[in-house]
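# Observations on the model geometry
Chain by chain, the residues run as shown.
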Amino acid sequence: MITRRNLLLSAAALAATSPLGAGVAWAEGATLRFGPQLDPGTLDTLTNVYDYPYPPFSTLYEGLTSYMPGSEWKPVNRLAETLELSADGKTINFKLKEGIQFHRGFGELTAEDVKYSFDRATGKVKLYPDAAEGDVSYYGGDFGSYKEVQVTGKYTGVIVFEKPFAPMLRLTLPYATSGLIVSKKAMEALGKAGWLKAPVGTGPYEVVSYTPNKELIMKRFAEYGGAAGQDAKSWPWDEIKVSLVNSSSAPTGAALTAGVESGDFDFTYNASPLDALRLQNNPAVRAYIVQQPMSYNFLQLNVLHPKLENPKVREAIRYLVDVPALIQAQDLDVATRLNALIAPQMGVGYWPEAPVYERDVEKAKALLAEAGVSALELDLSTPAGGQATAATVMQVIQANLAEGGIKVNVLLTPPDTYIKDKAVGQLSWSNYGGAPDPFYQFEWFTCDQFAQWNWAFACNADYDKLHEQLAAERDEAKRTEIAIRMQKLMDASLGYIWVNYQVGCAVTAANIEAAFDPNGNPYLQYFKKV
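What you are looking at is a predicted structure, and each value in this text was computed from that prediction instead of being measured.

Thresholds, definitions, all that
- Residues numbered from 1 in each chain as written.
- Predicted model: local features only at pLDDT ≥ 70, side-chain atom pairs only at ≥ 80, totals over all residues.
- Heavy atoms only, no water.
- Phe/Tyr/Trp six-rings, centres within 6.5 Å; stacked < 30°, edge-to-face > 60°.
- Helix = DSSP H or I, 4+ residues; strand = E, 2+ residues; numbered from the N terminus.
- Buried < 20%, exposed > 50% of the residue type's maximum accessible area, 1.4 Å probe, protein only.
- Lys NZ or Arg CZ within 6 Å of the ring centre and 35° of its normal.
- Contact = heavy atoms within 4.5 Å.
- Pairing = 2+ DSSP bridges.
- Axes fitted to C-alpha atoms, helices over the stretch in contact; angles between N-to-C directions.
- Core = buried A, V, L, I, M, F, W, Y, C linked by side-chain atoms within 4.5 Å.

A word on the packing of aromatic side chains. One pass over the full model with this rule turns up 41 aromatic pairs. Measuring from centroid to centroid gives 5.8 Å for Tyr54 and Tyr269, while their planes differ by 55°, and the two rings are tilted. Highlighted residues: Tyr54 in the loop between strand S1 (31-38) and helix H1 (57-60) and Tyr269 in strand S11 (residues 267-271), separated in sequence by 215 residues. Taken as a pair, Tyr54 and Tyr269 share a single burial class, namely buried. Note on Tyr440 and Trp444: the rings are 5.2 Å apart at their centroids and 85° apart in plane angle, and the pair reads as edge-to-face. Residue Tyr440 shares its accessibility class with Trp444, and that shared class is buried. Taken together through their ring pairs, the aromatic side chains of Phe34, Tyr50, Tyr54, Phe57, Tyr61, Phe267, Tyr269, Tyr288, Phe516 and Phe527 make up a single cluster. Cation over ring: Arg318 sits above Tyr357, and NZ or CZ is 4.0 Å from the ring centre.

Take the side chain of Thr389 next. Of note, Thr389 is situated in the loop between strand S13 (377-381) and helix H10 (390-402). On the basis of relative accessible area, Thr389 is assigned to the buried category, the value being 17%. Sequence-distant contacts of Thr389, defined by excluding residues within four places in its chain, comprise Ala329 and Gln330.

Let's shift gears to the sheet that holds strand S7 (residues 156-161). Read from one edge to the other, the open sheet built from four strands follows the order S4-S5-S7-S6, with strand pairing classed as antiparallel. Looking at the sheet topology across the chains shown, the edges are occupied by strand S4 (80-85) and strand S6 (146-151). Taking the axes of each pair of neighbouring strands and ignoring which way they run, one obtains an average angle of 20° across the sheet. Direction of pairing for S4 relative to strand S5 (residues 91-96): antiparallel, over a ladder of five bridges. Its bridge partner lying in S5, Ala80 is registered against Leu96. In the packing of helix H2 (residues 111-121) onto the sheet, the strands contacted are S5, S6 and S7, and the crossing angle to S6 comes to about 165°.

Attention now goes to H2. Most of H2 sits inside the fold, with nine of its eleven residues counted as buried. For H2, every residue scored as buried is listed here: Ala111, Asp113, Val114, Tyr116, Ser117, Phe118, Asp119, Arg120 and Ala121. Taken together, the buried residues of H2 touch S5, S6, S7, helix H3 (167-172) and helix H4 (184-197). Phi for Gly123, located one or two positions after H2, is positive at around 80°.

With respect to the helices and strands, Ile512 occurs in strand S17 (residues 512-513). For the pair Ile512 and Tyr67, spaced 445 residues apart in sequence, the C-alpha to C-alpha distance is 22 Å. With residues near it in sequence (within four places) discarded, Ile512 still touches Leu32, Trp237, Asp266, Arg286, Tyr288, Phe527, Lys528 and Val530.

What follows concerns the nonpolar core. Counting 111 residues, the largest nonpolar core has Phe118, Ile159 and Phe445 as its most contacted members. With residues near it in sequence (within four places) discarded, Phe445 still touches Tyr296, Phe298, Gln300, Leu341, Tyr432, Trp453, Asn454, Ala458, Tyr463, Met490 and Tyr496. In this structure, Leu256, Leu279, Val321 and Val393 belong to the second largest nonpolar core, which totals 45 residues.

Rendered as structure tokens:
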């Protein structure tokens, strides 16, 4: 069993954030080589497949606020000098730091750029000046009931909402790529093709070249305005090269870490825990395991499928599943176990008294007998592709249910209708990425998420109303009360079996120390030479 003692957990300390101004006195430079890494689809803040502060977005762009490397979910100001939420929660007044420059000579950041970025994210203006009909923002939902930005000065403005949207301060501004600020002037000059080839932000690095599914090269932005404060003085990288691959050619296991081991790369991510353990005694590299407590693994049971509509059948499955064994099948520590959706590291929304369901085969058999069910046969799949350990996990589930007399067919390649038709999908092993606000975690299990992400097909009107209340409520204690009520409803639905939060495993060259945000996203500019 792998434990945190087996691996090196590295997190950079919080640092000062006072502005530096143009012409930063940078540390002596070098090139950081990262890869192989899945291509993000585009480098656009609104059409990439991440919507998280994952490289290169946290390197090319900046938002009004951001989270720092380490384990604290405490936003710090980046582009914003000040932010002030109104008493009614419907407006956020901001003042920008002055002198912040955009890449490639596109001028100084102003409040007009903030307005344009948010209007673009929410579809109030076209995605590109020459946008086609299908060119739309993926992430307008990150802005809730956003109405407008009222520009009150060159560097000042007011973000206005139709009704309060609490996740704006915890999620959209400091974490989502949709909250990053782009240059209105550059977008209008470059158009769609030019923007997708080399987008323009205010980040400490700018695009040199981008070849999808092959390579991204970034160089230090010489006129960096210093929104990151004194931190920027210690960043040692003149250039960052990212080797990109598509999902069909992405290496795993030893093939993923081979480049760092051979010296061809300085950093790779998404290694397995076993690979990290294998490399812990290799003097040429450093192996890391970092918590990803906002991201989670769980089993969804389709409550509307004829074979599963009887709640006693779903309860029986709950007692047949050996949760610690599923965690061990991922080569992880049982300390990562989740008993409900919200992990304790979230703080807001955590349910400490959530029930812990221990395996009880005899109780499961009794429930099946009460339901009058015998010779039950179910399909199990991981519809969205899943993690490298998915097949192993599903084999454990298959064996667990067999002990209760349930035959499970593992479908490694499910039909397209598996999650779209409530009469097709039955059991789904699910791995969801999360974010640091409970609103986002609950978003995928509302009634309108049928055939999208709510593969349990559990619909509860009270749950949906509570979700709306969670968006509007700003008091953290009250938000936690709402979140606990929502988790109780999920528990009562018998549509979800919570297993564990995720971890990220990474490898660097021995002379490099990595840095990660509180959900394990690597922060490339904060990597250090040691």
